[in-house]
Amino acid sequence: NAQPYVDYFGLPGNERYYDFVKGSVHFFVIDSDSHEPDGTSPTGTQGLWLKNKLSTSSSSWKVVYFHHAPYSSSTYHGSSVSMRWPFKEWGADVVMSGHDHTYERLNVDGVSYFVNGAGGASLYALGTPISGSEFSYSAQHGAMLVEADSQTMSFKFYNKSNVLIDSYTKTNQTLPPTATPISYLTSDIDRNGTVNIVDIGILINNYGKSPTTNPRADVNLDGVVNIIDIGILIDNFTI
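Criteria and thresholds
- Residues numbered from 1 in each chain as written.
- Predicted model: local features only at pLDDT ≥ 70, side-chain atom pairs only at ≥ 80, totals over all residues.
- Heavy atoms only, no water.
- Helix = DSSP H or I, 4+ residues; strand = E, 2+ residues; numbered from the N terminus.
- Polar contact = N/O pair within 3.5 Å; in protein donor to acceptor, adjacent residues only side chain to side chain.
- Contact = heavy atoms within 4.5 Å.
- Buried < 20%, exposed > 50% of the residue type's maximum accessible area, 1.4 Å probe, protein only.
- Arc of directions from axis to C-beta.
- Pairing = 2+ DSSP bridges.
- Right-handed = clockwise from strand over helix to strand, strands pointing away.
- Axes fitted to C-alpha atoms, helices over the stretch in contact; angles between N-to-C directions.
- Phe/Tyr/Trp six-rings, centres within 6.5 Å; stacked < 30°, edge-to-face > 60°.
- Patch = residues over 30% accessible without salt bridge, like charges linked within 9 Å, V, L, I, M, F, W, Y side chains within 5 Å.
- Areas by Shrake-Rupley, 256 points an atom, 1.4 Å probe, with all protein chains shown as cover.
- Salt bridge = Lys/Arg side-chain N within 4 Å of Asp/Glu carboxyl O.

## A few points about unusual backbone geometry
Turning to step 1, where the next piece is worked out: Although it is not a glycine, His99 adopts a positive phi angle of roughly 70°.
Turning to step 2, where the next piece is worked out: With respect to the helices and strands, His99 occurs in the loop between strand S4 (94-97) and strand S5 (103-108).
Turning to step 3, where the next piece is worked out: Phi is positive for Asp109, which is not a glycine, with a value near 55°.
Turning to step 4, where the next piece is worked out: Note on placement: Asp109 falls in the loop between S5 and strand S6 (111-116).

Right under this line is the structure:
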């Protein structure tokens, strides 16, 4: 029952699986070890706990993390199929894990999966990318920097030489109920309540760039900052 672990750390709940909120992110910690007393099945006690917790969360982002990677292109461990729980159906946005000593980013049915066990122990080899894999790396050790607010969550992986190896941004598509048209809300790039010359300046500075540079500059969320975004912004311009 992981007694030395729970004796040493002071964690919420039963200390093996629990949840907590930091800012706009709700974290859900799962025990994926086969010795977990409440099981590692999505229909077991632990699985039903997660399903219920996710369904009642009102946070902008819901991140589930545990040890064994549900999807992995590594040739050492590879995918832990037993942990392919219905995270999307339950409302998760991001699933993070380790186990394989690699870095990998995957997209499975709209849910972002990250494998990051590249922090220090010997690195593992990567095989042919599995379905859903968007980026993988195991040339050097490294770590992730993740930043989030209510609208965006950015993921960056740096190797130990401080080189940015991978960068990815998720945008929250769920806006709060409001009588204000969505085209107006998205045109207010700096979110100060007014669509004005400042927003035009931000958009022009990001014109033609990848929307990952400034996701809000991609007003219509079509994956590119272009003349269409400028048109929408001007239509909503406030003098």
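Following the structure, the description resumes.
## Observations regarding the side chain of Ser187
Turning to step 1, where the next piece is worked out: By the secondary structure assignment, Ser187 is in helix H4 (residues 182-187).
Turning to step 2, where the next piece is worked out: A polar side-chain atom of Ser187 sits 3.4 Å from a polar atom in the side chain of Asn236.
Turning to step 3, where the next piece is worked out: Residues within four places of Ser187 in sequence aside, it is in contact with Val195, Asp199, Val219, Ile232, Leu233 and Asn236.

## As for helix H5 (residues 197-205)
Turning to step 1, where the next piece is worked out: Asp199, Ile200 and Leu203 are the residues of H5 that are buried. Along H5, the residues classed as buried sweep out an arc of 100° about the axis, all on the same side. What points out from H5, more than 90 degrees from its buried face, is the exposed set Ile197 and Asn205.
Turning to step 2, where the next piece is worked out: The N-cap of H5, judged by a side-chain oxygen 3.1 Å from the amide nitrogen of Val198 a few residues on, is Asn196.

## Observations regarding the pairing of strand S2 (residues 25-29)
Turning to step 1, where the next piece is worked out: Summarising burial for S2: 4 of the 5 residues are buried, a large majority.
Turning to step 2, where the next piece is worked out: Across 5 bridges, strand S1 (residues 18-22) lies against S2 in antiparallel orientation. Note that in S2 the partner of Asp19 across the bridge is Phe28.
Turning to step 3, where the next piece is worked out: Relative to strand S3 (residues 61-65), S2 runs parallel, the two being bridged by 5 bridges. Note that in S3 the partner of His26 across the bridge is Lys62.
Turning to step 4, where the next piece is worked out: Between the parallel pair S2 and S3, the chain is carried across by helix H2 (residues 45-56), and the sense of this crossover is right-handed.

## Examining the sheet that holds S3
Turning to step 1, where the next piece is worked out: The sheet built from 7 strands is open, its strands ordered S1-S2-S3-S4-S6-S5-S7 with mixed pairing. With one partner strand each, in any of the chains shown, S1 and strand S7 (133-137) form the two edges of the open sheet. Averaged over all adjacent pairs, the angle separating strand axes in this sheet is 15°, with direction ignored.
Turning to step 2, where the next piece is worked out: The sheet contact formed by S5 and S7 spans 4 bridges and is antiparallel. Opposite Arg105, over in S7, you have Phe135 as the bridge partner.

## Here we look at the pairing of S3
Regular strands place their side chains on alternate faces of the sheet.
Turning to step 1, where the next piece is worked out: Burial analysis of S3 places 4 of its 5 residues in the buried class, the great majority of the element.
Turning to step 2, where the next piece is worked out: In the sheet, S3 pairs with S4 via 3 bridges, with the strands oriented parallel. Note on S4: the bridge partner recorded for Val63 is Val94.

## Thoughts on the packing of aromatic side chains
Turning to step 1, where the next piece is worked out: By the definition in use, this model includes 16 aromatic pairs.
Turning to step 2, where the next piece is worked out: Ring centres 5.9 Å apart and planes at 25° place the aromatic pair Phe66 and Phe87 in the stacked group. With Phe66 in the loop between S3 and helix H3 (87-90) and Phe87 in helix H3, this pair connects stretches of sequence that are 21 residues apart. Each member of the pair Phe66 and Phe87 is classed as buried.
Turning to step 3, where the next piece is worked out: Through successive ring pairs, a cluster of aromatic residues spans Phe66, Tyr71, Trp85, Phe87, Trp90 and Tyr113.

## Regarding a nonpolar patch on the surface
Turning to step 1, where the next piece is worked out: A contiguous nonpolar surface patch, about 370 Å² in accessible area, is contributed by Tyr5, Tyr8 and Phe9.
Turning to step 2, where the next piece is worked out: Within the fold, Tyr8 resides in helix H1 (residues 3-8).
Turning to step 3, where the next piece is worked out: Accessibility expressed as a relative area gives 67% for Tyr8, which makes it exposed.

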